[in-house]
Structure formats: C-alpha cells, structure tokens
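The primary structure of each chain is shown beneath.
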Amino acid sequence: MVDLLALPAPVAWLMLAACFAAGAIRGFAGFGLSALAMACLAAFIPPLELIPVFWFLEMSASLLLMRGGWADADRATALTLVVTAAIGLPLGLLATMALHVETSQTIALALLIALAVAQLSRLRLPALATRPGTAATGLGAGLITGLAGAGGLFIALYTLARDLPARTMRGTLNIYMLGAGALGLVTHLTLGTMDETAATRGALLIFPTLAGVFLGRALFTPRFERYYKPVCLTLLIGLAAAGLLRQVLEAT
C-alpha cells in the first residue's frame, strides 16, 4: 500500500497514520476529518494534491455515519449549504491552483488555525444565523474547502451562531459533507484536480480512515460529549502551528 501512494516512505506512513487518526476524530466528534489530516500533511504534500484525496475520505465517512445522523439533522439548512458550497468550491480550487505551493500551504494552515481558534473561543457571528447568512456560509465553506479542505469547520461556526444542539450539528454537518462531496466531484473532474494519483491515494486511504471512524464511533460516549470538541480543536491548532513552524524553519 505504501508504494502505491507514490510518496516517500516516511510521508506515506504519516499519511496513513493521519487518516486513521482523522477518521477516529470524525467518528466521535462528527467533524474534523479533512481539517486534521490537512494539518498533519500540508507541510509535506501540496494542498492541491490533498483536497481531492479528502473527497474519498469524507464521502466514505459520511455514508457510514449517515444512518445515525439523518434524523437529528436540519435537512433544509443542509440543502442550502450544499448548493451554495458547490458555487464556492471551484473558486477556492482555482485560487489554490494559481498559488505557489508554499503559499498555498501557508494559507491552508493559517486558515485551519483561525477557524479552530474561532471555534474554541465560541465566536458567535449572529449574521450567519439569518437566511442570507446561511447562503453566505455555504459559499464561504466552499471557498475554504477549495483552499484548505476545511469547509466543515466554517459550517460549524454557523451552527454555533444558531445554537444548534450537538447532535443536530453532527447530523447537519454530515449531510453537508455528503451532499457537497457529491457535487464537488463534478468540480474536481472539470478542473482536473481529481487525477489518477489522487484517485489511487483516495481509494487506498479509505480503509485506514474508516477503521478510525469505527473506532471513534465506538468510543463516543454522550457523557463526555462536551469534551470532544475542545480537545479536537486544540489538537488541530497544535498540528497546524507545528506545520507553519516547520515551513518557517525550512525557509531560514
């Protein structure tokens, strides 16, 4: 499997471990799969190569978790978010394609830190809780997905503004990721970002990712639900900051 990833062995093993860990976080926290994997890997692999790979992982995890989250989700809101995210995604991907690799890595990691800090500080943006705010949130999530693969974190800010219960947030995020992923495939194929290498990596990494999702779902305990989010966000900030530090050290 390591050879098929077409990466240096240490980076390939890191990718396998990162996808397993990110899957576990998605399984018990309901978010963070692409964000955590991007934070682990962006300093070693260009974001433009990672984003189409994450499509496979998010879709497989969403399909696995759909049964448990459908009843809890705000489905009308999720549909609006999916449609507007489909508009923002190609814009974000085109921007990433136009950027130098080091610049796109820095932007991706900085976005991850900013979004995680906003979540951890429970930043509330009341404008997002309006009908126009819902559409703007989907558009922004699509842009962020194209830049850093972390649109779900921006959607989570929207759910925070609306004071949605944790289970509703999990279900809504899951529908958003599944629907946006289905429409996103068309964008990837149109822009050429879903090439043979990305498809091979994505197909192979489904297995460690879903193993992590199963583990995370098994570990999910309602009694400790309030701790999952801050722990995951703190981990995400640390990993993204470490990636930025590595870039700074390599540049000096």
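Only a predicted model underlies this, so the values are computations on that prediction, with no experimental measurement involved.

About the cut-offs
Residues numbered from 1 in each chain as written. Predicted model: local features only at pLDDT ≥ 70, side-chain atom pairs only at ≥ 80, totals over all residues. Heavy atoms only, no water. Helix = DSSP H or I, 4+ residues; strand = E, 2+ residues; numbered from the N terminus. Buried < 20%, exposed > 50% of the residue type's maximum accessible area, 1.4 Å probe, protein only. Contact = heavy atoms within 4.5 Å. Phe/Tyr/Trp six-rings, centres within 6.5 Å; stacked < 30°, edge-to-face > 60°. Salt bridge = Lys/Arg side-chain N within 4 Å of Asp/Glu carboxyl O. Axes fitted to C-alpha atoms, helices over the stretch in contact; angles between N-to-C directions. Parallel < 35°, antiparallel > 145°, perpendicular 65-115°, else oblique. Left-handed = near helix turned anticlockwise from the far one by under 90°. Nonpolar A, V, L, I, M, F, W, Y, C, P; charged D, E, K, R; others polar.

J.: So what exactly am I meant to see when it comes to the side chain of Gln-119 here?
T.: Tracing the backbone shows Gln-119 in helix H5 (residues 101-120). What makes Gln-119 buried here is its relative accessible area of 2%. Apart from residues no more than four positions distant in its own chain, Gln-119 is found in contact with Leu-153, Ala-156, Leu-157, Lys-229 and Leu-233.

J.: Looking at this structure, how should I read the packing of aromatic side chains?
T.: Here a ring pair, both rings aromatic, is described through the centre-centre distance and the interplanar angle of the planes. In this structure the tally under the stated criterion is one aromatic pair. Seen from their ring centres, Trp-55 and Phe-56 are 5.0 Å apart, and the 90° between their planes marks the pair as edge-to-face. Phe-56 matches Trp-55 in its accessibility class, with the two residues each being buried.

J.: It is not clear to me how helix H7 (residues 151-161) should be interpreted in this structure. Could you clarify?
T.: Where burial is concerned, most of H7 is hidden: 11 out of the 11 residues are buried. If you check which residues of H7 are buried, you get Gly-151, Gly-152, Leu-153, Phe-154, Ile-155, Ala-156, Leu-157, Tyr-158, Thr-159, Leu-160 and Ala-161. Where the residues of H7 are buried, they touch helix H2 (33-41), helix H4 (75-98), H5, helix H6 (131-148), helix H8 (166-191) and helix H10 (225-251). Following H7 by one or two positions, Asp-163 adopts a phi angle in the positive range, close to 55°.

J.: What's the story with the pattern of salt bridges in this structure? I'm lost.
T.: A side chain of one charge can pair with a side chain of the opposite charge when the charged atoms of the two come close. For the coordinates displayed, the defined rule picks out three salt bridges. With its nearest N and O atoms 3.1 Å apart, the salt bridge here joins Arg-201 to Glu-49. On the criterion of sequence distance, the pair formed by Arg-201 in helix H9 (residues 196-219) and Glu-49 in helix H3 (residues 47-69) is long-range, its members being 152 residues apart. With a shortest N-O distance of 3.0 Å, Arg-162 and Asp-74 are connected by a salt bridge. Taken together, the residues span a long stretch of sequence, with Arg-162 in the loop between H7 and H8 and Asp-74 in the loop between H3 and H4 at a distance of 88 residues. For Arg-162, a relative accessible area of 29% gives the class partly exposed.

J.: Explain the packing of H2 against H5 to me, please; I cannot follow it from the model alone.
T.: Two quantities define a packed helix pair, namely the angle between the axes and the distance from one axis to the other. Interhelical geometry of H2 versus H5 gives an angle of 130° and a closest axis separation of 10 Å. By the criterion of interaxial angle, the relationship of H2 to H5 is oblique. Crossing geometry of H2 relative to H5 is assigned as left-handed. Contacts from Ala-35, Met-38 and Ala-39 of H2 reach H5 at Ala-108, Leu-109 and Leu-112. Considering only residue class, the contact of H2 with H5 consists of six nonpolar, no polar and no charged.

J.: Is there a simple way to think about the packing of helix H1 (residues 9-29) against H8 in this case?
T.: One can describe the packing of H1 onto H8 by two numbers: an axis separation of 10 Å at closest approach and a directional angle of 130°. Accordingly, the angle class assigned to the pair H1 and H8 is oblique. Of the residues in H8, those touching H1 at Arg-26, Gly-27, Phe-28 and Ala-29 are Arg-170, Asn-174 and Met-177. Among the residues making up the contact of H1 with H8, the classes are represented as three nonpolar, two polar and two charged.

J.: Please clarify how unusual backbone geometry should be interpreted in this entry.
T.: Peptide bonds are, in most cases, trans, and in most cases residues other than glycine have a negative phi. Residue Ala-6 is not a glycine yet carries a positive backbone phi of 55°. Tracing the sequence through the fold places Ala-6 in the segment before H1. Even without a glycine there, the phi angle at Arg-122 is positive, about 55°. By the element assignment, Arg-122 lies in the loop between H5 and H6. On the basis of relative accessible area, Arg-122 is assigned to the partly exposed category, the value being 47%.

J.: Which parts of the structure should I look at to understand the side chain of Glu-58?
T.: Within the secondary structure, Glu-58 is located in helix H3. Residue contacts for Glu-58: discarding those within four places in its chain leaves Arg-26, Leu-33, Ser-34 and Met-177.

That's the geometry; what it means functionally is another story.
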